[in-house]
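# Architecture at a glance
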Amino acid sequence: AQTVTQSQPEMSVQEAETVTLSCTYDTSENNYYLFWYKQPPSRQMILVIRQEAYKQQNATENRFSVNFQKAAKSFSLKISDSQLGDTAMYFCAFMNRFNGMRFGAGTRLTVKP
Amino acid sequence: DVKVTQSSRYLVKRTGEKVFLECVQDMDHENMFWYRQDPGLGLRLIYFSYDVKMKEKGDIPEGYSVSREKKERFSLILESASTNQTSMYLCASSRDRTLYTFGSGTRLTVV
């Protein structure tokens, strides 16, 4: 079974600064997908960014980017120019096409003014 | 806009009750999923379904069952609710199994 580990239960960052959230995973598969989800207090799960394992280029979505290291099984999220609205729980997730998405324990990020 | 609707935002039930959590999607998605979310544990997969009347166990199916009689509806059933099933329950659906749309969750308290 695949496991996803987020080793930082809580983090904080000053507004406009950059923060990096860590994620590692364990799998014996070669083809899979990795995700970062954001969950604000509204509880709605919002997809932040997605990476397909066969793509070597790191995914980027505006202020959000990932550092995907396939050999190291590492998938960190970098948030640049942090905004107050980025305050939320962030979940890293792993999926192949057959068995559903598996999530890490989450990192609670607080952006301070 | 695509929608996954969970019937209750908050629910309080008594120990031993049979509990139904309902999830409906309006996107004609084949794939539907139930998770529970607990602090420090993240989201854990309970059951999923890739077609009507089809179901597969996730990582923590004990104490739960599911029903998918129609494509748009996926029900999670707690046969005899217990206090350790107090949690947030999240439903999701997807068309191609890689992009999920989540409901806004049901916070269940079993007393």
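Right above here is the structure, for reference.
Now for a description of the structure that goes with this document. (Residues numbered from 1 in each chain as written. Chains lettered and ligands numbered in written order. Predicted model: local features only at pLDDT ≥ 70, side-chain atom pairs only at ≥ 80, totals over all residues. Heavy atoms only, no water.)

## Topic: the interface of chain B and chain A
The interface is formed by 27 residues belonging to chain B together with 21 residues belonging to chain A. Both sides of the chain B and chain A interface together cover about 1,900 Å² of buried area, and 49% of this is carbon and sulfur. Considering only the surface of chain B that becomes buried against chain A, Leu43(B), Thr98(B) and Phe102(B) emerge as the three largest contributors, covering 29% of it. Among the salt bridges present, the one from Asp59(B) reaches Arg102(A), with a minimum N-O distance of 2.8 Å. The interface formed by chain B and chain A contains ten residue pairs in polar contact (both at pLDDT 80 or more). Looking at the side of chain B that touches chain A, the elements with two or more residues in it are β5 (31-38), β6 (42-49), β10 (87-94), β11 (100-102) and β12 (106-110) of chain B. By residue class, the composition of the side of chain B that touches chain A is 13 nonpolar, nine polar and five charged. (Contact = heavy atoms within 4.5 Å. Buried area = accessible area lost by both parts, 1.4 Å probe. Salt bridge = Lys/Arg side-chain N within 4 Å of Asp/Glu carboxyl O. Polar contact = N/O pair within 3.5 Å; in protein donor to acceptor, adjacent residues only side chain to side chain. Helix = DSSP H or I, 4+ residues; strand = E, 2+ residues; numbered from the N terminus. Nonpolar A, V, L, I, M, F, W, Y, C, P; charged D, E, K, R; others polar.)

## Describing the pattern of salt bridges
Pairs can form between side chains of opposite charge whenever their charged atoms are close. Within this structure, the stated rule accounts for twelve salt bridges over all chains. The partner of Lys53(B) in a salt bridge is Glu69(B), and the shortest N-O contact between them spans 2.5 Å. Placement of the pair is Lys53(B) in the loop between β6 and β7 (56-57) and Glu69(B) in strand β8 (residues 64-70), with a sequence separation of 16 residues. Overall, Glu69(B) belongs to the exposed group, its relative accessible area being 51%. One salt-bridge network, in which partners are shared between bridges, spans Arg50(A), Glu52(A) and Lys55(A). (Buried < 20%, exposed > 50% of the residue type's maximum accessible area, 1.4 Å probe, protein only.)

## Remarks on the packing of aromatic side chains
All told, the structure shown has 19 aromatic pairs over all chains when counted by the stated rule. Ring plane angle 25° and centroid distance 6.5 Å describe the contact between Tyr33(A) and Phe35(A), whose orientation is recorded as stacked. The same class applies to Tyr33(A) as to Phe35(A), namely buried. Through a chain of ring-to-ring contacts, three or more aromatic side chains come together here, namely Tyr33(A), Phe35(A), Tyr37(A), Phe91(A), Phe103(A), Phe33(B), Tyr35(B), Phe48(B), Tyr50(B), Tyr100(B) and Phe102(B). Above the face of the Tyr10(B) ring, Arg43(A) is positioned so that its terminal group lies 4.8 Å from the ring centre. (Phe/Tyr/Trp six-rings, centres within 6.5 Å; stacked < 30°, edge-to-face > 60°. Lys NZ or Arg CZ within 6 Å of the ring centre and 35° of its normal.)

## Some remarks on the pairing of β10(B)
Residues and elements named next belong to chain B. Of all eight residues in β10, eight are buried, a share of seventy percent or more. Of the two faces of β10, both are covered, the one formed by Ser87, Tyr89, Cys91 and Ser93 as well as the one formed by Met88, Leu90, Ala92 and Ser94. Bridge analysis of β5 against β10 gives seven bridges, and the strand direction is antiparallel. Residue pairing in the sheet places tryptophan 34 in a bridge with cysteine 91 of β10. As paired strands, β10 and β12 are joined by three bridges and run antiparallel to one another. (Pairing = 2+ DSSP bridges.)

## Overview of the side chain of Ser87(B)
All names here are of chain B. By secondary structure assignment, the location of serine 87 is in strand β10. One polar contact links the side chain of serine 87 to the main-chain carbonyl oxygen of glutamine 37, over a distance of 3.0 Å. If we skip the residues at most four places from it in the chain, serine 87 touches Arg36, Gln37, Asp38, Thr106, Arg107 and Leu108.

## Some details on the environment of Asn58(A)
Residues and elements named next belong to chain A. Counting through the fold element by element, asparagine 58 comes out in the loop between β6 (46-52) and β7 (60-61). Sequence spacing of asparagine 58 and asparagine 96 is 38 residues, and the spatial spacing of their C-alpha atoms is 18 Å. For asparagine 58, the side chain forms a polar contact with the main-chain nitrogen of phenylalanine 68, separated by 2.9 Å.

## Quick notes on the nonpolar core
All names here are of chain A. Within the largest apolar cluster, 25 residues are counted, with the highest numbers of intra-cluster contacts made by Tyr25, Trp36, Phe75, Leu77 and Tyr90. Elements represented by at least two residues in this core include exactly β3 (19-21), β5 (33-39), β6, β8 (64-69), β9 (74-79), β10 (88-95) and β12 (107-112). With four residues, β10 is the largest single contributor of residues to this core. (Core = buried A, V, L, I, M, F, W, Y, C linked by side-chain atoms within 4.5 Å.)

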